[in-house]
Amino acid sequence: MALPACAARALGPPLQPERGAPARTTCPRRHSRVEAELAASRPGSVAASVRAGPPRGVSRGFNSQPFLDEPLKASSSPAGAARTPLFALLPRGRRRRMHDLRRRWDLGSLCRALLTRGLAALGHSLKHVLGAIFSKIFGPLASVGNMDEKSNKLLLALVMLFLFAVIVLQYVCPGTECQLLRLQAFSSPMPDPYRSEDESSARFVPRYNFSRGDLLRKVDFDIKGDDLIVFLHIQKTGGTTFGRHLVRNIQLEQPCECRVGQKKCTCHRPGKRETWLFSRFSTGWSCGLHADWTELTSCVPAVVDGKRDARLRPSRNFHYITILRDPVSRYLSEWRHVQRGATWKASLHVCDGRPPTSEELPSCYTGDDWSGCPLKEFMDCPYNLANNRQVRMLSDLTLVGCYNLSVMPEKQRNKVLLESAKSNLKHMAFFGLTEFQRKTQYLFEKTFNMNFISPFTQYNTTRASSVEINEEIQKRIEGLNFLDMELYSYAKDLFLQRYQFMRQKEHQEARQKRQEQRKFLKGRFLQTHFQSQGQSQNPSQNPSQNPNLNANQNVTQNLIQNLTQNSSQKENRESRKQNPGQEQSDGSASNGTNDYIGSVEKWR
């Protein structure tokens, strides 16, 4: 059997057909495997290197011609040696790698072909299934029994578009984090971004009476001046997250420089080589690991201005801030952290110029750490600093003799510590609560007149929330942290009252600004209107000789007063609708403050 003419032309001079075999005058698209084997069986023929092409339906690659594992034997004639394929001269390892590459190429082509045909068949089946379903549903209502091909294509396109939109929505807006998927977005046109974050009622009943100075916290902080923000970081209160917000998430003229791989950032004042923030992520633990109020108040001034002469030290203000957390959740979170090997051994606990002795502050464990300790053992240790940690870190320990428990009775000591912590917390420039992230962000922005770039995120799922405890254990934890429980109740009441006071003050300022704008626009419009009417008359006449002009001016003044009164009454009605049960003022912010403080008694 003769070799195909196309292969013969590629290999050299045409081969003579065998005797008795019909001559081939045309070059077929692909020769069969039988023809290739017959051509390869001829001794001394170069056609032995030609094999059958790929199966029908699979495209040929650039390396579709097979590579032999063994080198071809060249013909004894010079012509045969000249027609020897070049790949036969390659080393054995190179030919084998090229052969494996060809096999992988053919397998990939086959898989692509199968995938294309499979998707086409799946789309065709899906089209018929959907057509049958819709014909069953809408068949009795439609005048046409079966949908034509055009309707099927349109229906398939709509279904595919819907599925694509659902997939994109899941990527862009996963879970319940997307506000657009909540029913509140459809029930109210403009939802309050500072709604109650603990899913409780936004209106609460205040327990404590605070003055206007306690509620209005607005610090005149000039980042270009000499004042300093000092962050008191209490363990397991979310202080790490808030500390990162301070160095990475605030809009500043000169942002903090944070390098990859380094925990500390450089937060310099604009045009100065001096920091404006004293925290873990800006200056490090300069006063010790998790320094408390007693340590910071005595250490920070010495660290900041210690190298300067006393006469050259600026008179700066230190604005202390902190974050508090629910005592039970914080206690469980610290226990889980200690289980993983945390010890905080680097904490100095310096009080009155010296650290505590081992007798004053014994250790709860004997090894290197307390990893793997059960909750019962964690609660049984009487020297555990996790008990009432927030009160201890916010109070002035020098008032009770530091860590010496023999200075005064325990009951008196607890009372002094609690009152000191409440006083320090109330007079701080700012404090936030872990359970109210958005409100914490709002109060910080209003206090320091500094805005964050991205909003805070409320994480309701934490390590502490994953711990399942019964009511008995919870009661015991609350008993071990009874001072923290009372301090947190006090802090939460003060925090929410400050938030409502600032929000009401903001609404009053915005309403007053709108009233002034309306007064200005309405007065200017009426003045221009009547002036144009007066100029249209005889301008040479005296006002006394033109009584109509005086009458027009009087009418103008009366209209301005009436419009102003109507607008103020309308604003008051709108404010009463927004805040029912609260008295609204039509004057300055001071009246609004008195109204708020007076309404506290009504809420009680």
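Quick note: structure is the one above.
Keep in mind it's a predicted model, so treat the numbers as computed, not measured.

A. Up close: the overall build of the chain. For the chain, the count of helices and strands is 18 helices and 4 strands. Looking at the 604 residues of the chain, the share that counts as buried comes to 37%. Summarising the internal contacts of the chain: among those between residues at least 6 apart in sequence, 70% fall at separations of at least 24. Here the chain has roughly 36900 Å² of accessible surface; of this, 55% comes from carbon and sulfur atoms.

B. Here's a closer look at the state of the cysteines. All chains considered together, the criterion is met by 5 disulfides. At a sulfur-sulfur separation of 2.1 Å, the disulfide partner of Cys-256 is Cys-267. What sets the handedness of the Cys-256 and Cys-267 disulfide is the S-S torsion sign, and at about 120° it is right-handed. Placement of the pair is Cys-256 in the loop between helix H8 (239-248) and strand S2 (277-278) and Cys-267 in the loop between H8 and S2, with a sequence separation of 11 residues. A relative accessible area of 12% places Cys-256 in the buried class. When its relative accessible area of 3% is taken as the criterion, Cys-267 is described as buried. In this model Cys-351 forms its disulfide with Cys-402; the gap between the sulfur atoms is 1.9 Å. Looking down the S-S bond of the Cys-351 and Cys-402 bridge, the torsion is -75°, so its handedness is left-handed. Here Cys-351, found in the loop between helix H10 (327-339) and helix H11 (375-380), pairs with Cys-402, found in the loop between helix H12 (389-394) and helix H13 (410-427); they are 51 residues apart in sequence, far enough to count as distant. For Cys-351, a relative accessible area of 2% gives the class buried.

C. Fine view of empty space enclosed by the protein. Taken as a whole and judged by the stated rule, the model has 4 cavities of 30 Å³ or more. Counted as a void, the largest cavity has a volume near 110 Å³. Together, 14 residues line the largest cavity, and Phe-231, Phe-278, Gly-284, Trp-285 and Leu-296 are the ones closest to its centre. Of the voids in this model, the second largest cavity is the one considered here, and its volume is about 80 Å³. Lining of the second largest cavity is provided by Leu-215, Arg-217, Ala-429, Phe-430, Phe-431, Leu-443, Lys-446, Thr-447, Phe-495, Arg-498 and Met-502. For the lining of the second largest cavity, the secondary structure elements donating two or more residues are strand S4 (430-433), helix H14 (437-448) and helix H16 (482-536). Here the residues of the lining of the second largest cavity are counted per class, giving 7 nonpolar, 1 polar and 3 charged.

D. Quick peek at the pairing of strand S3 (residues 318-324). Of all 7 residues in S3, 6 are buried, a share of seventy percent or more. Both strand S1 (residues 228-232) and S3 contribute to a ladder of 5 bridges, which runs parallel. Residue pairing in the sheet places Leu-232 in a bridge with Thr-322 of S3. Bridge count between S3 and S4: 4 bridges; the pairing is parallel. Across the sheet, Leu-324 pairs through a bridge with Leu-433, a residue of S4.

E. Expanded view of H8. Three or more residues of H8 are buried, namely Gly-239, Phe-242, Gly-243, His-245, Leu-246 and Val-247. Close packing links the buried residues of H8 with S1, S2, S3, S4 and H14.

F. Inspection of the layout of surface pockets at higher detail. There is about 980 Å³ of room inside the largest pocket. Along the wall of the largest pocket there are 41 residues; nearest its centre are Thr-237, Gly-238, Arg-325, Thr-434 and Thr-462. Counting only elements with at least two residues in the lining of the largest pocket, the list comes to H8, H10 and H14. Here the element with the most residues in the lining of the largest pocket is H8; it accounts for 6 residues. Within the lining of the largest pocket, the residues separate by chemical class into 10 nonpolar, 21 polar and 10 charged.

G. Expanded view of the packing of H10 against helix H15 (residues 471-480). For the pair H10 and H15, the least separation of the axes is 10 Å and the interaxial angle reads 95°. Relative to H15, the element H10 lies roughly perpendicular. Here H10 contributes Val-328, Tyr-331 and Leu-332 to the contact with H15, which in turn contributes Gln-474, Ile-477, Glu-478 and Leu-480.

H. Summary view of the sheet that holds S3. If you walk across this open sheet you meet the 4 strands as S2-S1-S3-S4, and the pairing is parallel. The open sheet terminates on both sides in strands that have one partner only, identified here as S2 and S4. The pairing of S1 with S2 spans 2 bridges and is parallel. Following the sheet pairing, Val-230 is matched in S2 by Phe-278.

I. Structural detail: the side chain of Thr-237. Tracing the sequence through the fold places Thr-237 in the loop between S1 and H8. A distance of 3.4 Å separates the side chain of Thr-237 from the backbone oxygen of Ile-323, its partner in a polar contact. Apart from the residues within four sequence positions on either side, Thr-237 is in contact with Ile-323, Leu-324, Arg-325, Arg-330, Gln-390 and Thr-434.

J. Representation of unusual backbone geometry within the structure. Unlike most non-glycine residues, Lys-236 shows phi in positive territory, near 60°. Checked against the element boundaries, Lys-236 lands in the loop between S1 and H8.

K. Representation of the nonpolar core within the structure. Counting 72 residues, the largest nonpolar core has Phe-242, Trp-276, Leu-296, Ile-321, Leu-394, Phe-444 and Phe-448 as its most contacted members. When residues no more than four places from it in sequence are discounted, the contact partners of Phe-448 are Val-219, Phe-221, Ile-229, His-319, Ile-321, Ala-429 and Phe-430. Listed in part, the 18 residues of the second largest apolar core include Trp-335, Leu-375, Cys-381 and Ala-464.

Each value, and the rule that gives it
- Residues numbered from 1 in each chain as written.
- Predicted model: local features only at pLDDT ≥ 70, side-chain atom pairs only at ≥ 80, totals over all residues.
- Heavy atoms only, no water.
- Helix = DSSP H or I, 4+ residues; strand = E, 2+ residues; numbered from the N terminus.
- Buried < 20%, exposed > 50% of the residue type's maximum accessible area, 1.4 Å probe, protein only.
- Contact = heavy atoms within 4.5 Å.
- Areas by Shrake-Rupley, 256 points an atom, 1.4 Å probe, with all protein chains shown as cover.
- Disulfide = S-S within 2.5 Å.
- 1 Å grid on protein atoms, 1.4 Å probe; cavity = no way out; pocket = protein on both sides within 12 Å on 5 of 7 lines; lining within 4 Å.
- Points joined across faces, edges and corners; volume = space filled by probe spheres on them.
- Nonpolar A, V, L, I, M, F, W, Y, C, P; charged D, E, K, R; others polar.
- Pairing = 2+ DSSP bridges.
- Axes fitted to C-alpha atoms, helices over the stretch in contact; angles between N-to-C directions.
- Parallel < 35°, antiparallel > 145°, perpendicular 65-115°, else oblique.
- Polar contact = N/O pair within 3.5 Å; in protein donor to acceptor, adjacent residues only side chain to side chain.
- Core = buried A, V, L, I, M, F, W, Y, C linked by side-chain atoms within 4.5 Å.

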